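Residue-level structural notes
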Amino acid sequence: MAEYNFSDVEQKWQAYWKENKTFKTKEVSDKPKYYVLDMFPYPSGAGLHVGHPLGYIATDIVARYKRLKGFNVLHPMGFDSFGLPAEQYAIKTGQHPAVTTDANIKRFKEQLNILGFSYDWDKELRTSDPSYYKWTQWIFLKLFNSYFDLTEKKARPISELPIPEGLSKEEKRAFIDDHRLAYQDEIAVNWCPALGTVLANEEVIGGVSERGGFPVIRKPMKQWMMRITSYCDRLLDELEDVDWPESIRLSQKNWIGKSLGAEIAFKTVDGVNEVRVFSTRPDTIFGATYVVLSPEHPLVDAITTPDQKEAIDIYKEEASKKSDLERQELDKSKTGVFTGGHVINPMTGQQVPAWISDYVLISYGTGAIMAVPAHDERDFEFATKFGLPIKQVVSADGREISELTEALSGHGLIINSGDRYNGLDSKEFIKIAIEQMEADGTGKGAVNYKLRDWVFTRQRYWGEPIPVIHTEDGEVKGIPESELPLVLPEVESYLPAEDGSSPLARNEEWVKTTDPDTGRPAMRETNTMPQWAGSCWYYLRYLQPDNEMALGDPESIKYWSPVDLYVGGAEHAVLHLLYARFWHKVLFDLGYVSHREPFQKLVNQGMIQGRSNFVYRIKDTNTFVSFGLKDKYEVTPIHVDVNLVDKDVLDVDAFKNSSHEYKTATFELEDGKYVCGAEVEKMSKSKLNVVSPDDIITKYGADTLRMYEMFLGPLEQNKPWNTNGIDGVFKFIRKFWRLFHDGETFAVSDEKPSAEEMKILHKAIKKTQDDIERLSLNTSVSGFMITVNELSSLKCNKRAVLEPLTILISPFAPHLAEELWSRLDHDESISEATMPTYDEQFLKEDAFEYPVMINGKLRTKMTFGADVPANEIQVAVLTSEIVLKWTEGKAPKKVIIVPKKIVNIVV
RNA sequence: GCGGAUGUGGCGAAAUUGGUAGACGCACUAGACUUAGGAUCUAGCGCCGCGAGGCAUGGGGGUUCGAGUCCCUCCAUCCGCACCA
């Protein structure tokens, strides 16, 4: 019997799609639009493993489904092709990153294409193409030439910035530069010596770089910054408008870290300076028995008394040497030094000592705190260690605890805060205390954010050059738009310089330029943009990747925005998604895009982990024992290449041939087989658990791989890859094929389907559509299997059933569906077909035996169906609703009817 | 520490609004057709029990005629954030 030849069929249809541009997006259409987007990949040298396509398969199914449902679908793919690995490879080998990147992209595209994705490759983009980064630079200039209007809470062109009267030329320029959304600042940045570059806060995790895990230190440097903090409130509030997973919304909220409280001034005793602190608990101000400044705080020297100067200087020196990693070590006990100076608590009027400590961060709030040891854990620890006074001012029951053993961080009744305030509810006192301090001029209500402005420069080669020049007299100017793109120049070496300047600085010829306004010599900016820049707006460029005149056509942007479905990994929860939203909002303010948020619905596909296999070697021998026997010996587990293992059974010969070391190995088998152990780990080369989609496709075909990846479990869930179950899907594909065949010949009958067959079909239509709509793609695959099992046992080969079923399955197994579709005498691609609709009349329940409960106790069974059964109680079934008729006796007190399920009667 | 997610057979999992828990698939067992099968088909497959029946969705408690699903509480695993004032 001729079996389904997936390999020929898949090649045939992939060639057909490519040749006919089957999936070319229609720009103009009266159909409703649907924009379904994948997070585009960084084209790494390793190629795709079986985990990468998970999200792409899901979006491809949705894209194909929406086409069949009559939507005009945009489903593009591109490459985030600026990035560190290509540059590091370049440093090692001298190979230009563009060459490496091109080769990697070629490989990626091949791998994507054999999966049968319906991308419109005419829309492809690469962030490292000058034609693309021309517009990344253009957006940079827009940010450079805009300011944030605080009253309207939106970006406006810098030309509209109101400038105070009477400023000198230099002051005026400084004033403008101070308001730009992209601006330069000398700040303490996260400098990573190993990578030779500055990193954004978001790229530093626990004191080490996100990429590579190298130590990061703080170093003051002049950097380009993005004024993302202006957008804190909008980035927070407008999260409510999008359909995103709660966990991502929370991550973004936490990252922005908005807290409400008060900013309070503690004047120095001499009245010259004031230490401003931020507190979320101004109600505890009567308990503020000292203040702590961060070692980097600008007032430290002014407050320090001469006899404490030496100790303070030593402490400051030590703190500056510490990396963030060391400062963040949690279990270390608190350190600090008394400045010798005192400040005045504005509410009590008492003098309190001022200390410095590195547990107070210069980068958060005002860089100084009022310490309330009775009600803050950290302050309590500090006060206890240094013998500072602890004063309880909030109490749960209004009484004071004589000997506090821990900080009481909850709310309660105010005590020890003067007759005016004692007895108040502490939450209420927050408002009252702020009002009082505002009246006294000693404090005010304040909002504080954790989010800092975005450090936008990298001292790297492989990124977008920043399109500005520095003039002789120190002015910074954007280059004219007509000069874009500012193409990345060639350099001799890709290594960053030790002083922190970018590799671009090496090309002196390129750096030297002239100021177009004055004709005087000027220097180009040599830093480049961070990798996030290109991915901040790529979803807009897909609409018109070839548009040389504009970022995109406004009509097109209006038609396609927002992205209806965006699928990608949760690792971009804060970085990419926050930056992209920020840029989008600026573009929205300036009138270039039509919607406030770029991505309407976001789904995070889970990670596919590796499933490693192990063999067990008896210590000091070359004998391996099977999994079930290993406990009898002292064994060492050794990773074995999962590609030599099938259903946990080792291919012993292949294993022997895999390495010289194993040539002479001997094996202790169980039931004639060598069984391997298994464990879930990250998929990686070193663990020998990488499964390539290419290998799976060679063995089972792309349709099987697509369906199996969906079948594996819910899309959002992390799950280990396990090839063991793939046979089931493979069998299903062949079984489906066989429905259309009688032996070797294609045989589909035009006979009218039976009621039972119609029911199977319509059930399948309903289930598949419901499942895709809620992205439960695993259950829709199961649903297909049930359907085919049912039809198969009926030996149903009727066109009226099989044809709609082919359409239904085509988003999942497009190659198989196309082949069958053409054999069913259709000339056009199945993607031109229309999704069948279901008819309720075929979905009616059959006669069914229902349990009937009376008073929750009696249990009998009745059959409800077309015939009304006779009992003491007469029951009829109409469609799926059950109607009870009472012929004798009293009507029951309570009748609970659950359609299709149980009749529950309380008499 | 704070926040989020998850917990169902030997395994991956289903159960969409509370309504016959374990669909579907893997593995396994038995059988059929076969020279053979890693092909195909049929049947079985949560646990205890010969059986009728009983017990089962991480543990305990609650609401309900009815709970995997809702509420309280505890436990475990994974993932974020973390001296954020």
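Our subject in this report is the structure included herewith. (Residues numbered from 1 in each chain as written. Chains lettered and ligands numbered in written order. Predicted model: local features only at pLDDT ≥ 70, side-chain atom pairs only at ≥ 80, totals over all residues. Heavy atoms only, no water.)

Before going further, it helps to spend a moment on the packing of helix α20 (residues 693-700) against helix α22 (residues 726-739). The interhelical angle for the contact between α20 and α22, taken along N-to-C directions, is 45 degrees, at an axis separation of 11 Å. Relative to α22, α20 is oriented oblique. Here α20 and α22 pass one another in a crossing that is right-handed. Contacts from Ile-696, Lys-699 and Tyr-700 in α20 reach Ile-726, Asp-727 and Phe-730 in α22. (Axes fitted to C-alpha atoms, helices over the stretch in contact; angles between N-to-C directions. Helix = DSSP H or I, 4+ residues; strand = E, 2+ residues; numbered from the N terminus. Parallel < 35°, antiparallel > 145°, perpendicular 65-115°, else oblique. Left-handed = near helix turned anticlockwise from the far one by under 90°. Contact = heavy atoms within 4.5 Å.)

Ranked by size, the top nonpolar core spans 169 residues in total, and within it Phe-140, Trp-454, Tyr-538, Trp-583 and Met-707 carry the most contacts. In this structure Phe-140 touches Ala-182, Trp-224, Met-226, Phe-456, Ile-466, Pro-467, Val-468 and Met-529, once residues within four positions along its chain are discounted. Counting 34 residues, the second-largest nonpolar core is a separate cluster that includes Ile-264, Phe-286, Ile-312 and Tyr-315. (Core = buried A, V, L, I, M, F, W, Y, C linked by side-chain atoms within 4.5 Å. Buried < 20%, exposed > 50% of the residue type's maximum accessible area, 1.4 Å probe, protein only.)

One can find Ile-760 in helix α23 (residues 755-773). Residue Ile-760 is classed as buried on the basis of its relative accessible area, which comes to 8%. Here the alpha-carbon distance between Ile-760 and Ile-786, two residues 26 residues apart in the chain, equals 9.2 Å. For Ile-760, the residues in contact, after removing those within four places along its chain, are Thr-787, Glu-790, Leu-791 and Leu-794.

For the rest of this paragraph, the subject is a negative patch on the surface. On the surface, a cluster of negative charge is contributed by Asp-825, Asp-827, Glu-828 and Glu-832. Position of Asp-827 relative to the elements: it lies in the loop between α26 (814-823) and β36 (848-854). (Patch = residues over 30% accessible without salt bridge, like charges linked within 9 Å, V, L, I, M, F, W, Y side chains within 5 Å. Areas by Shrake-Rupley, 256 points an atom, 1.4 Å probe, with all protein chains shown as cover. Salt bridge = Lys/Arg side-chain N within 4 Å of Asp/Glu carboxyl O. Lys, Arg positive; Asp, Glu negative; His and termini not counted. Charge placed at Lys NZ, Arg CZ, Asp CG, Glu CD.)

Our next topic: the sheet that holds strand β25 (residues 599-604). Read across the sheet, 4 strands follow the order β2-β1-β24-β25 without closing on themselves; strand pairing throughout is parallel. Bordering the open sheet on either side are β2 (72-74) and β25, each of which pairs with just one other strand. Going from strand to strand, the sheet's axes swing by 20 degrees on average, the running direction of each strand aside. Pairing analysis gives 3 bridges linking strand β1 (residues 33-38) to β2, with the strands arranged parallel. Following the sheet pairing, Lys-33 is matched in β2 by Asn-72. (Pairing = 2+ DSSP bridges.)

Looking now at the side chain of Asp-564. Inspection of the secondary structure puts Asp-564 in strand β24 (residues 563-568). Within the structure, the side chain of Asp-564 is placed 2.8 Å from the side chain of Lys-33, a separation counted as a polar contact. At 2.7 Å, the side chain of Asp-564 and the backbone nitrogen of Tyr-35 are in polar contact. When near neighbours in sequence (up to four residues on either side) are disregarded, Asp-564 contacts Lys-33, Tyr-34, Tyr-35, Gln-600 and Lys-601. (Polar contact = N/O pair within 3.5 Å; in protein donor to acceptor, adjacent residues only side chain to side chain.)

Applying the stated criterion across every chain yields a total of 5 cavities of 30 Å³ or more. Quantified by volume, the largest cavity comes out at close to 110 Å³. Forming the walls of the largest cavity are Leu-84, Leu-195, Leu-199, Glu-203, Glu-210, Arg-211, Arg-460, Gln-531 and Trp-532. In the lining of the largest cavity, the residues fall into 4 nonpolar, 1 polar and 4 charged. (1 Å grid on protein atoms, 1.4 Å probe; cavity = no way out; pocket = protein on both sides within 12 Å on 5 of 7 lines; lining within 4 Å. Points joined across faces, edges and corners; volume = space filled by probe spheres on them. Nonpolar A, V, L, I, M, F, W, Y, C, P; charged D, E, K, R; others polar.)

What follows covers the pattern of salt bridges. For the coordinates displayed, the defined rule picks out 53 salt bridges. Here Lys-21 and Asp-122 are joined by a salt bridge, their closest N and O atoms 3.0 Å apart. Here the residue Lys-21 occupies a position in the loop between α1 (6-20) and β1, and Asp-122 occupies one in the loop between α4 (97-113) and α5 (130-144), the gap between them amounting to 101 residues. Between Glu-661 and Arg-617 there is a salt bridge, with its nearest N and O atoms 3.2 Å apart. Residue Glu-661 is found in the loop between α19 (652-658) and β31 (666-668), and its partner Arg-617 is found in strand β26 (residues 608-618); the two are separated by 44 residues along the sequence. Glu-661 gets classed as partly exposed once you look at its relative accessible area, which sits at 44%.

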